[in-house]
Every structure is written in structure tokens, then in C-alpha cells.
Amino acid sequence: MEGIESRSEETAAMTELVDVSIKRKLLFITMLTSSVALLMACGIFLTYDIVAHRATMVRKLQTLAAAIGSNCTAAITFNDPNAAAETLGALGAESHILAAAIFDARGRPFARFRRAGAPATPFPPRPPADGHRFTEEELVLAQGIVLDGQRIGTVLILSDLEEAHGRLQGFISTVGVVLAVSSLMALLLSTKLQHLISRPILELARAAREISENRDYSVRVPRTSGDELGVLIGDFNEMVSQIELRDRELERHRDHLEEEVGRRTSELVKLNAELQAAKVRAEVAADAKTRFLANISHEIRTPMNGILGMAELMLDSDLTQAQRQYLARLKESAASLLTVINDVLDFSKVEAGKLEMEPIPFRLRESVNAAIGTLVMTAETKGLELIVSVPSDVPDDVIGDPGRLRQVLVNLIGNAVKFTFEGEVVVRAAREAETDASVTLHFSVADTGIGIPSQKLSVIFNPFEQVDDSMSRRFGGTGLGLAISAQLVELAGGRIWVESTPGKGSTFHFTARFARPPGASERAAPRPPAALEAVAALVVDDNRTSLELLGELLGEWKMKPVTASSAASALEAAVAAREQGRPCALAIIDANMPGTDGFALVEQLHAREGLERLPIVLLCPAVSLDQSRRAQRLGVQVCLAKPVNPQDLQDGVLDALSPGRRTPAKEQPGDSTLPAPLASGLDILLAEDNLVNQEYGVRVLTRRGHRVQVAGDGRAAFEAFERGRFDVVLMDVQMPDMDGLEASRAIRELEGKRGGHVKILAMTAHSLAGDRERCLEAGMDGYLSKPIGARELCAAVEAGTLPPEAAAEVAAGSSGLELNLPAILDRVDGDMDLVRDMARAHLRSGPGMLAELSSALERDDPAGAIRAAHRLKGSVALFCADSAYRAALGLEGLLRQGATAGARETLTTLENEIRRLDEALAKLIGPAGHGA
């Protein structure tokens, strides 16, 4: 309140000053300027006088101290305090001296003097350091007594400042008189001279007021000078003349105004009609395009659902190795086709302005590693070095859309790998800017590929652009990936650009802003393990970039890296370090090097005296079973897949230095892609018009132990429902005669008459915005997007609908949930270390997400519960945990419909499924890994 009142007073004072006459303003400005100048000048003189007077006082005391010290040398030498006291007594002639003392060479008081009537200030027990200091009332000076170059004592003198205070008072009185006289003279002169400025301005104001009141533009102001005011008066008269001429012109045009307005109005009406018609045509075209995309998505995804489904069924049967390879190629082709479809749909969302980001907390390094993991095998096949650098100062806990970040990274890294035939692809992340609430990161993807011509750099992010017309035929692709990436980066609050030299490579850059979790800025960065400090490590890699990054990383851990770019130089470095008494404690070796590779280097190192037991961490492009066995035969302690993330490398180094530190996790079998059959199943109505999808659904569900009745369209499905009793209805959305939405509404209407509620799950190949909402509005309970996997289909059907005996059968296996490890590994290109890291992250964050979900439901906070359920759904989806995924998906759907009562029941199911998943993950990573 006091601050507001103070600002109000300042505003009032400024208003009063603005409203006074120009005469008073000029007078006030003149007086203020002269007064301030005088005050500044007097202040400078006063400061100079005080400084000079103090310097004089110091010099005088220094002279007195020198004289006293000279006269007291004999007294100190012969230990005669009385003689020294007599010498000090001579200071009584100096009225400003308050006290003095002499200290001997050991700092003990030797003789003292105090002026009569001086305050009894105690002497210090020890002499202060040589020099002087001013206090409010005294000047204290200490000076050494020297005889024949040797210090034999110290003189201490205390002087009052009465003389200085008297000079200051006199100066202030003088300044007051000068200010008063000067201000009076300035006032008299300003009063006489201000009319030279104010009079012409007042004349201008009078003329302007007269013109404003009477609209008489013939008024002119006489010009009396040639200065700026004279120029202003001339310009004012000219302006009035121009206005007068314009009034005459307006008068002449006034008669034709109505005719001109009528003509222009007719043109505008016609133009508006054309624009309205164009707008309607554009809206119709946009709507037609949206419907076309939805239909084409359905038409492609529906047969793809059959292709992928039949491939799963065949992979679960007895096949030859060649047949399995053919089916693997089939799935790869289907995945490529899905990528094209998703690009087209994402681009349609960009054009419609419906591409959105979904901010959730996630681990940055996990997302970067997941994006890179999908392209490791492709890079290895082409013989490329894929290198990743995420320095330790880059925060890991951020809030953003991890899926969209991975989409941009996969697009850029995929392009780099596609257009690079030899060399390397380097992915970097760096911190660009940071606040307590957010952090802006700079990502770059650099390659040594074919490069981009300069004329294409400005359009490379436009839709359907390729570097040349033959690119799409030679390399494939839709030309939409970079356009979508640019839109996603913009939504993330960043920008994207590219630098390239044809024939030498390209570097794509983009920035993205992420929110920080509460308290993230206050958390201390993790310290490197003490066991690594000062440990010498031999690092061998023929790739210069990879070698530099490995050296920097070990340096951050306070290790001492010894780098080598070839097997020969590495062997020399290791031998030299041992001979110099600084042997390397371990070696980190790239397995794939020209000439002598990493495996051969290990043999050479272990063949040298003193290096037989050197621990080895071997970095392989992809750790295969043959490589692992060969490494084991050579005595290699740790074998890691490249590109290796820092945490895996740190764990590997620690494992190599301390064998047996962690118990290796047992990898669980899980070859079958289909779930095991149940003893008792459900009665299911499958409404699907595609014959292949009918066969796929029947095969999967009947093998699980369920009973399936097929309906070829929505009307047949409704009629079958009228006649029979079903536990679940699987309803394709787009069908002839009566579609799935109409059939679902008819079923719900029938249930309203005869009671009951059957679970209806939508199956649709549509994936545009609003599809899920339309299904839920039609009365459906869930939503499955084609293509649908066998486990996903069974989990969706069984969630909350199994009979008691079957539910008991599923619950009985809860403590022994088997992870579908091949499916999980397929998602990360076989990187088992990445799977374990993902498991550790889930075990750390899962309980918190469950607690957040439960708390939100108790607080009746639907928005918070939806966010928590969505995060859980994304976490369990990484591990192909279909039952947990379906429970989280169903819970999220109930919350979005506002069905909080059903949501609380579903939460119990979700908690049980999460518990089963946690137990399986804990077994996967082993006891030691769980605690890591």
C-alpha cells in the first residue's frame, strides 16, 4: 500500500508540473539546472578538500612518527621506557594529538602518552599493521622504528579530527551563501529572458485555439525570428494553408461523393459474393480431402490388418528358415507402407492445423536412444558409424512430447543414413538456454553423405520436395518427412535449419523448448562413481569423432583416457604406459576397425607381458551371439553395442574393473506371438466386412479359447445381437448397408428396452482427429486402431469381461507374467541393454504415476487422472504389456467420458496388471540391476 501511495504522489506531482504555464516551466528548468550544477561543483570541491586535508594530516603524523621513532631508538635499544615516555611527552605541544604509544620489537607496550582531557580509549595489546586508518572521530597511524635496517619497534599515534570537522562546517556555510546568491541571480535573469521563448509559443497556441474554435483557416501567426521557433511558426502557417486548400478540394468533390460511394459499394458486394463462393468451395474441397484421407486410410489399413495378422499366425506355426525370412520381409514392407500412410495423415493434420503436442514428463536420453535404436541395424548394414553425444550438462528429466521428438529424430537420422554411403552420422544434443521453468535444447544430425545443393536449402522443408527429381525413385520416401518435422519443431517452440556442402555432407539442426519438472533446477547433477576417479583407460577407435567423444566422456567421469586411433598405436601406448609406471587399468576398444580389428587387438594386448589380465570393454556395431562367444573366448569382460549410451558404458566400465559386481539377468523365452489359450472363454460377435480380417480375428480368438460368431455388416451384427447373447462385440466402423456407429447406437437402444450392457469395441482403420470421440459418442466402450496385434486384440476383449473361472486362471499366473521379449527387442532393434534401462526407468517412475492417478481420483480431478493414466499407458506400451495397456486405455476412456465410478473399479485391475509387469521386469534386470 505504501508503494502504491508513493507512486500516486509522484504521478500527482508530475501532473501538476505538466499543467503549469510555459513561463513557469522555463523558470523552473533554469533554476533546477543551475542549482544542480552548483551543487555538483560544490560537492566536487568539498570532496577534493576533504581528501587533500586528510592526506596532509597523514603526512604530518608520519613526520611526527618518524621523528619520535628516531629519538626513541636508543631508549628501545637500552630498554629505557622513561626516556621513551619523555620523548612521547613532546607530543603534548600538538593539540590535535590524543594519545601515542611505543611498542618494542616483540609487539609489547614500551611507553605511552595520553593528552590531558582526552577520552580514555584503551591501547591495543599488540601494535596494528603499519599504515593509517580514519574512524568517525580519530586518525590512527602506525609506523615502524628501524635501526640499521632492522625493525626494533612500532610508533602508534592517535589524532582527533576537530580541525577537519571545522573546515567541513565552514565549507558548508560558504556553499549555502554561494547557492543563495547564485539562485537569486539565476531567478532574475530567467525572469527577464524567458519571454524570448514563451511569447512565440503562446502566439502559436492562441492561433491554434482560434482555428479550432472558429474553423477559420485564414488565421496566420507573424514570424518574428529566424530560429527554430521562427521555423515552427512558418511550418504552422504552411500547414494551415494546406488545410485551407484541402477544404476547398473536398468541397469540390463532395457533390460527386454519393455517386462514387454507390459505385464502390456495388463492386464490394460483387467481390464479397465471389469470396464467399470461393470460401464455400474451399471448405467443400477441404472436407472432401479429409473424407478422402479417412477413406484411403481405411482402405489401406484394413487389408494391412489382414496382412500383418496372417503374418503373425504364420510365424506362430512350423516354418522353414527361408519361410520365416520371407515373412520378416513381408512385415518390413508392411511397416514401410504404414510409415507412408502415417506421413500422409500427419501432413493432412498439418494442413488442417490439427497437429498437436502432448506434453508429458519423460527421460530425454531414453527417447534419444530409442530413436537411434531403430536405425542402428540400417547404419551397420551400410558400414556407417552412428555416434551419439548427449553431454552430462543436458538435463534428462523434461516435460514435452517424447513421441514427436522421436519422430523428428528418426526422420532426420533416417535421412542421414539413407543419403550417406560411407563415413559417419553424428547425433548431438546441447543445452542452449535454461530457466527454472524450461530448457531449450539444440539437436543436430550431421552426416558425411551426398549433401544438398545450395539452391535447394531454402525449400528442403517444403512438402513433397526432394533434392532432385530422381530421389524418390532412387531412395524412396514421400517427401513429407522434413515438412512434418519442421511443423513439429515449431509446435515445440523451436526452429529447424540445415547446413550442407554437396559431396561432403549435411548437418540438420533444430531447437526445442521443454518444461522442467518442479524442483528439477535444484537437483544436483549425479556425481561420477568414486571408483572411476583417476583410473587410466586406453580408448581405441579408428573414428576420430567417436574417439574424441569417448575421451571427453571419460574426462567428465574424472578418468584419465589414453586415446589411440589404430591397433598399432594402441599397443604402443599400452606398453609405454606400463613401462613408465602408469599402466592402464582397462581398455575400451572398438571391435570394427580397418586392418587389425578390435578382436585381434585384444589378442595382442593379452599376449604382452604385464597386459595378460587387462580388463576389456569391447564396443561392437551390434552384439550378436557369435560376437559374444568370440569375445568371451578372448577373455573380454564386457561387450556393448554401439552406439553406446553413457550410462551403459559407465556400468560396463565398472563391471570390467570389478567382475561380479552385477548378476546378469536371465533372458526370458517368448517366441510365440500369440497368447496361450484359456480353459474357458467368451462369446464374441465379430462384425467385419473384410474376409481376411474375419479369418484372422476368428483364428486368434478361437485359439485363445473364445467362441466367435461373424457378421458381414452392421445390420447383420444387430440382427445377430437381437437373437443371441454375447459378452463382447467387436465392431468394424466402416461397413456397407449399416456402419458400425449406427449398429452400436441400435444395440444401445435395444439394451435400453430389455436391460443389460454388452462391451462394444470399435475396430477402425481411420486415424484422424475425432474418430475415437465419435466411437465413444455412439455408445462404444473402447477403440482399437488397425492393424491390431493378436495380444492387443485378446487383451482388449478380455479386460473386465472374463468369467470368474477364466479370470482366476489369468490371476493365477500373475506372479509369473512372461514378457514378450522378442517383441520388446524388436522395438529397440535387439538392444537388450536398452530394454533393461527402460525397465529400471519404469520401476522408478511407475509407483509415482500410480499414486498420482489414485490421488487425482480421490480429489475428483479428472484432468489430472487422465494425464496420469495416459502416462502409464505410454510406459507399459513399451514392454508389450497388453493387459496393462488395455486397462490403462480403458481407464483413460472412462475418465474422458466422465464415468468416474467405473474408473475406480478399473483402477484396481490396472494396479494388479502393473504389479505383474513390475515383477516380470524386476526378474528381467536381476536383483543388482533393480537397485541400480
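In this text, all values refer to a predicted model and were calculated from it rather than measured experimentally.

Draft legend 1. Summary view of the overall build of the protein. For the protein, the count of helices and strands is 29 helices and 22 strands. Each of the 932 residues in the protein was classed as buried or not, and the buried ones make up 42%. Here the analysis covers contacts within the protein between residues at least 6 apart in sequence; of these, 68% occur between residues at least 24 apart. When the accessible surface of the protein is summed, it comes to about 49,000 Å², and 55% of that surface belongs to carbon and sulfur atoms.

Draft legend 2. Representation of the pairing of strand β14 (residues 560–564) in the model. Across five bridges, strand β13 (residues 536–540) lies against β14 in parallel orientation. Its bridge partner being in β14, Leu 538 is matched across the sheet by Val 562. For the segment spanning β13, helix α14 (residues 544–556) and β14, crossover handedness is right-handed.

Draft legend 3. Focus on a nonpolar patch on the surface. On the surface, Val 177, Val 181, Leu 184, Met 185, Leu 187 and Leu 188 cluster together into a nonpolar patch covering about 550 Å² of accessible area. Residue placement: Met 185 occurs in helix α5 (residues 162–193). Residue class for Met 185 comes out partly exposed when judged on its relative accessible area of 47%.

Draft legend 4. Highlighting the packing of aromatic side chains. If you walk through the whole model with that rule in mind, you get two aromatic pairs. With a centroid separation of 6.0 Å and 70° between ring planes, the pair formed by Phe 362 and Phe 514 is classed as edge-to-face. Of this pair, Phe 362 sits in strand β6 (residues 360–363) while Phe 514 sits in strand β12 (residues 505–515); the two residues are 152 residues apart in sequence, bridging distant segments of the chain. Judged by relative accessible area, which is 9%, Phe 362 ranks as buried. According to the relative accessible area criterion, Phe 514 is buried, its value standing at 5%. Seen in terms of ring centroids, Phe 443 and Phe 510 are 4.9 Å apart; in terms of plane orientation they differ by 15°. Their pairing is stacked. Of this pair, Phe 443 sits in strand β10 (residues 438–447) while Phe 510 sits in strand β12; the two residues are 67 residues apart in sequence, bridging distant segments of the chain. One cation-aromatic arrangement involves Arg 54 over Phe 134; the distance from NZ or CZ to the ring centre is 4.3 Å. Positioned above the aromatic ring of Trp 497 is the side chain of Arg 495, whose terminal nitrogen or guanidinium carbon lies 3.9 Å from the ring centre.

Draft legend 5. Up close: the sheet that holds strand β20 (residues 728–732). Strand order in the open sheet made by the five strands is β19-β18-β20-β21-β22, with parallel pairing throughout. The outermost strands of the open sheet, each flanked by one partner alone, are β19 (707–711) and β22 (782–785). Strand-to-strand twist of the sheet, defined as the mean angle between neighbouring strand axes without regard to direction, takes the value 20°. This element, helix α21 (residues 740–754), spans β20 and β21 (759–764) of the sheet and lies at about 150° to β20. Across the sheet, helix α23 (residues 790–798) is in contact with β18 (683–687), β20, β21 and β22; its angle to β21 comes to roughly 155°.

Draft legend 6. Local environment of the sheet that holds strand β5 (residues 150–160). An order of β2-β1-β5-β4-β3 is seen for the five strands of this open sheet, with the pairing classed as antiparallel. Each end of this open sheet is capped by a strand with a single partner; those strands are β2 (109–114) and β3 (131–134). Neighbouring strand axes in the sheet, compared pairwise and without regard to direction, differ in orientation by 10° on average. In this fold helix α4 (residues 81–89) packs onto β1 (97–104) and β2, with an angle of close to 30° to the strand it touches most, β2.

Draft legend 7. Structural view of the nonpolar core. Judged by nonpolar contacts, the single largest core of 42 residues is most densely connected at Leu 364, Ile 413, Phe 443, Phe 510 and Phe 514. Contributions of two or more residues to this core are made by α9 (364–373), α10 (376–381), α11 (402–418), β9 (424–434), β10, α13 (481–491), β11 (496–501) and β12. Ranked by the residues each element gives to this core, the list is headed by α11, at seven residues. With 33 residues, the next largest nonpolar core counts Ala 839, Leu 843, Val 876 and Ala 884 among its residues.

Draft legend 8. Up close: unusual backbone geometry. The backbone phi angle of Asn 79 is positive, close to 55°, even though this residue is not glycine. Structurally, Asn 79 is set in the loop between α3 (73–77) and α4.

Draft legend 9. View of the side chain of His 53. By the secondary structure assignment, His 53 is in helix α2 (residues 22–71). Exposure remark for His 53: the relative accessible area of 12% places this residue in the buried category. What His 53 contacts, discounting residues up to four positions off in sequence, is Glu 163, Ala 164 and Arg 167.

Draft legend 10. Focus on the packing of α9 against α11. Relative to each other, α9 and α11 sit at 40°, their axes nearing to 9 Å. Put simply, α9 runs oblique to α11. Read as a crossing pair, α9 and α11 show a hand that is right-handed. Counted together, Leu 364, Ser 367, Val 368, Ala 370, Ala 371 and Ile 372 of α9 and Pro 402, Leu 405, Arg 406, Leu 409, Val 410 and Ile 413 of α11 form the full contact between these two elements. Tallied by class, the residues present in the contact of α9 with α11 amount to ten nonpolar, one polar and one charged.

Draft legend 11. Layout of helix α15 (residues 567–579). When the terminal C-alpha atoms of α15 are compared, their 18 Å separation across 13 residues agrees well with the 18 Å that a helix rising 1.5 Å per residue should span. Within α15, the full set of buried residues consists of Ala 567, Ala 570, Leu 571, Ala 573, Ala 574, Val 575 and Ala 577. Where α15 is buried, its residues contact β13, β14 and α16 (598–607). Immediately downstream of α15, the backbone of Gly 581 shows phi near 80°, a positive value.

Draft legend 12. Representation of the side chain of Ser 159 within the structure. For Ser 159, the location among the structural elements is in strand β5. Using a relative accessible area of 1% as the deciding quantity, one classes Ser 159 as buried. Polar contacts involving the side chain of Ser 159 include one to the side chain of His 96, which spans 3.0 Å. With residues near it in sequence (within four places) discarded, Ser 159 still touches Met 57, Leu 61, His 96, Ile 97, Leu 98, Glu 137, Glu 138 and Leu 139.

Draft legend 13. Up close: the environment of Leu 910. On the secondary structure map, Leu 910 appears in helix α29 (residues 900–931). The exposure class of Leu 910 is buried, given its relative accessible area of 0%. Here the alpha-carbon distance between Leu 910 and Leu 850, two residues 60 residues apart in the chain, equals 9.1 Å. Excluding residues within four positions of it along the chain, Leu 910 makes contact with Leu 853, Leu 872, Ala 884, Ala 887, Ala 888 and Leu 891.

Draft legend 14. Spotlight on the confidence of the model for the protein. Confidence in the prediction of the protein, expressed as mean pLDDT, is 77, and 76% of residues score 70 or more. Confidence drops under pLDDT 50 across residues 662–673; counting only partners more than four residues distant or on other chains, this segment forms 33 contacts. Low confidence marks residues 806–816, where pLDDT is under 50. Its contacts with residues over four positions away, or in another chain, come to 17 contacts.

Draft legend 15. Fine view of the packing of helix α20 (residues 714–723) against α21. It is the contact of α20 with α21, at a shortest axis distance of 9 Å, that shows an interaxial angle of 20°. Looking at the two axes, α20 sits roughly parallel to α21. Crossing of α20 against α21: the hand is right-handed. Along the contact surface, α20 presents Gly 714, Phe 718, Phe 721 and Glu 722, while α21 presents Ala 743, Ala 746, Ile 747, Leu 750, Glu 751 and Arg 754.

Draft legend 16. Inspection of the environment of Leu 611 at higher detail. With respect to the element layout, Leu 611 can be found in the loop between α16 and β16 (616–620). Spatially, the C-alpha atoms of Leu 611 and Leu 586 are 9.6 Å apart, while their sequence positions differ by 25 residues. In this structure Leu 611 touches Ala 574, Val 575, Arg 578, Leu 605 and His 606, once residues within four positions along its chain are discounted.

What counts, and at which threshold
- Residues numbered from 1 in each chain as written.
- Predicted model: local features only at pLDDT ≥ 70, side-chain atom pairs only at ≥ 80, totals over all residues.
- Heavy atoms only, no water.
- Helix = DSSP H or I, 4+ residues; strand = E, 2+ residues; numbered from the N terminus.
- Buried < 20%, exposed > 50% of the residue type's maximum accessible area, 1.4 Å probe, protein only.
- Contact = heavy atoms within 4.5 Å.
- Areas by Shrake-Rupley, 256 points an atom, 1.4 Å probe, with all protein chains shown as cover.
- Pairing = 2+ DSSP bridges.
- Right-handed = clockwise from strand over helix to strand, strands pointing away.
- Patch = residues over 30% accessible without salt bridge, like charges linked within 9 Å, V, L, I, M, F, W, Y side chains within 5 Å.
- Salt bridge = Lys/Arg side-chain N within 4 Å of Asp/Glu carboxyl O.
- Phe/Tyr/Trp six-rings, centres within 6.5 Å; stacked < 30°, edge-to-face > 60°.
- Lys NZ or Arg CZ within 6 Å of the ring centre and 35° of its normal.
- Axes fitted to C-alpha atoms, helices over the stretch in contact; angles between N-to-C directions.
- Core = buried A, V, L, I, M, F, W, Y, C linked by side-chain atoms within 4.5 Å.
- Parallel < 35°, antiparallel > 145°, perpendicular 65-115°, else oblique.
- Left-handed = near helix turned anticlockwise from the far one by under 90°.
- Nonpolar A, V, L, I, M, F, W, Y, C, P; charged D, E, K, R; others polar.
- Expected span 1.5 Å × (residues − 1).
- Polar contact = N/O pair within 3.5 Å; in protein donor to acceptor, adjacent residues only side chain to side chain.
- pLDDT = per-residue confidence, 0-100.

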